[in-house]
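Letter by letter, the chains look like this.
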Amino acid sequence: MTRTDSTAARRVIPGTPVFDGDAAQKGLGLNAMCYSFNQAANRAAFVADEAGYMDRFALTDPQREAVRQRDVPGMIAAGGNVYYLAKLAGILGLNVQDLGALQTGLPIEEFKAALLAHGVTERSVAP
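Rules behind the numbers
- Residues numbered from 1 in each chain as written.
- Predicted model: local features only at pLDDT ≥ 70, side-chain atom pairs only at ≥ 80, totals over all residues.
- Heavy atoms only, no water.
- Axes fitted to C-alpha atoms, helices over the stretch in contact; angles between N-to-C directions.
- Helix = DSSP H or I, 4+ residues; strand = E, 2+ residues; numbered from the N terminus.
- Parallel < 35°, antiparallel > 145°, perpendicular 65-115°, else oblique.
- Contact = heavy atoms within 4.5 Å.
- Nonpolar A, V, L, I, M, F, W, Y, C, P; charged D, E, K, R; others polar.
- Buried < 20%, exposed > 50% of the residue type's maximum accessible area, 1.4 Å probe, protein only.
- Arc of directions from axis to C-beta.
- Polar contact = N/O pair within 3.5 Å; in protein donor to acceptor, adjacent residues only side chain to side chain.
- Phe/Tyr/Trp six-rings, centres within 6.5 Å; stacked < 30°, edge-to-face > 60°.
- Core = buried A, V, L, I, M, F, W, Y, C linked by side-chain atoms within 4.5 Å.
- Salt bridge = Lys/Arg side-chain N within 4 Å of Asp/Glu carboxyl O.

Novice: For this particular structure, what's the right way to read the packing of helix α8 (residues 96–104) against helix α9 (residues 108–117)?
Specialist: Packed helix pairs are characterised by how far apart their axes lie and by the angle those axes make with each other. Two numbers describe how α8 lies on α9: the axes approach to 9 Å, and their chain directions differ by 100°. Judged on the interaxial angle alone, α9 and α8 are roughly perpendicular. Residues Gln-97, Asp-98, Gly-100, Ala-101 and Thr-104 of α8 lie in contact with α9, whose contacting residues are Ile-108, Phe-111, Lys-112 and Leu-115. A class-by-class count of the residues in the contact of α8 with α9 yields four nonpolar, three polar and two charged.

Novice: Can you help me understand helix α7 (residues 82–91) in this one?
Specialist: Note that an α-helix has 3.6 residues per turn; residues three or four places apart therefore point the same way. Among the residues of α7, Leu-85, Leu-88 and Ala-89 are the ones counted as buried. Angularly, the buried residues of α7 cover 105° about the axis, an arc narrow enough to put them on a single face. At its buried positions, α7 is contacted by α2 (28–36), α3 (40–48), α5 (61–69), α6 (72–77) and α8. For α7, the N-terminal cap is Asn-81; the gap from its side-chain oxygen to the backbone nitrogen of Tyr-83 is 2.8 Å. Note on α7: the residue one or two positions beyond its end, Gly-93, has a positive phi of about 80°.

Novice: Any chance you could explain the environment of Asp-55 here in plain terms?
Specialist: Relative to the helices and strands, Asp-55 is located in helix α4 (residues 50–56). For the pair formed by Asp-55 and Gly-29, sequence separation is 26 residues and the distance between their alpha carbons is 9.7 Å.

Novice: Teacher, can you tell me more about α2 here?
Specialist: If you check which residues of α2 are buried, you get Gly-29, Leu-30, Asn-31, Met-33, Cys-34 and Ser-36. Looking at the buried positions of α2, the neighbouring elements they touch are α3, α4, α5, α6 and α7.

Novice: Could you clarify how one ought to interpret the packing of aromatic side chains in this entry?
Specialist: Centre-to-centre distance and the angle between the planes together describe a pair of aromatic rings. One pass over the structure, following the stated rule, counts five aromatic pairs. With a centroid separation of 6.1 Å and an interplanar angle of 80°, the aromatic rings of Tyr-35 and Tyr-84 are classed as edge-to-face. One end of the pair, Tyr-35, is in helix α2; the other, Tyr-84, is in helix α7, with 49 residues separating them in the sequence. Accessibility expressed as a relative area gives 49% for Tyr-35, which makes it partly exposed. By the ring-pair criterion, three or more aromatic residues cluster together here, those being Phe-37, Phe-46, Tyr-53 and Phe-57.

Novice: What is the right way to read unusual backbone geometry from this model?
Specialist: Apart from glycine, the bulk of residues carry a negative phi angle, and the bulk of peptide bonds sit in the trans form. The backbone of Ala-58 shows a phi angle near 50°, a positive value even though the residue is not glycine. Residue position: Ala-58 is located in the loop between α4 and α5. Non-glycine residue Arg-70 carries a positive phi angle of around 60°. With respect to the secondary-structure elements, Arg-70 resides in the loop between α5 and α6. Judged by relative accessible area, which is 32%, Arg-70 ranks as partly exposed.

Novice: For this particular structure, what's the right way to read the nonpolar core?
Specialist: The nonpolar side chains of soluble globular proteins are, as a tendency, buried together. Core analysis: the biggest nonpolar cluster contains 17 residues, and Leu-30, Met-33, Phe-37, Phe-46, Val-67, Met-75 and Leu-88 have the highest contact counts within it. Those elements that place two or more of their residues in this core are α2, α4, α5, α6 and α7.

Novice: Whenever I open this one, the pattern of salt bridges confuses me. Can you help?
Specialist: One pass over the structure, following the stated rule, counts three salt bridges. One salt bridge in this structure joins Glu-65 and Arg-68, with 3.0 Å as the shortest N-O distance. You can see Glu-65 and its partner Arg-68 sitting in helix α5, three residues apart, about one turn around the helix. Judged by relative accessible area, Glu-65 falls into the partly exposed class, the value being 37%.

Listed below in structure tokens is the structure:
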């Protein structure tokens, strides 16, 4: 089967943005910037001059606005991958549960309770 357009056979999960090849292309600058935060010097450079640091990675206007507003769903809509965004979240004092709460629109305590409610409650017993 030959795909002639990027929307052919696209996976749709209601209420969930799917990170696919199109999203990866769209978010290239944002994700590259977040990946750069693996180095302490880059984290410090971002904190010192956010706008200048975003310039280095040619972020789009929607990406820049989402970063300025600390809008995680906006960053994801602009092609951000949550695994790379976690690097930025650390600079902002957020953890992965905070990101999940922001993505779902739930207060952090409700998000944590939802995680626990959906967790596996059975335990394996050694023979």
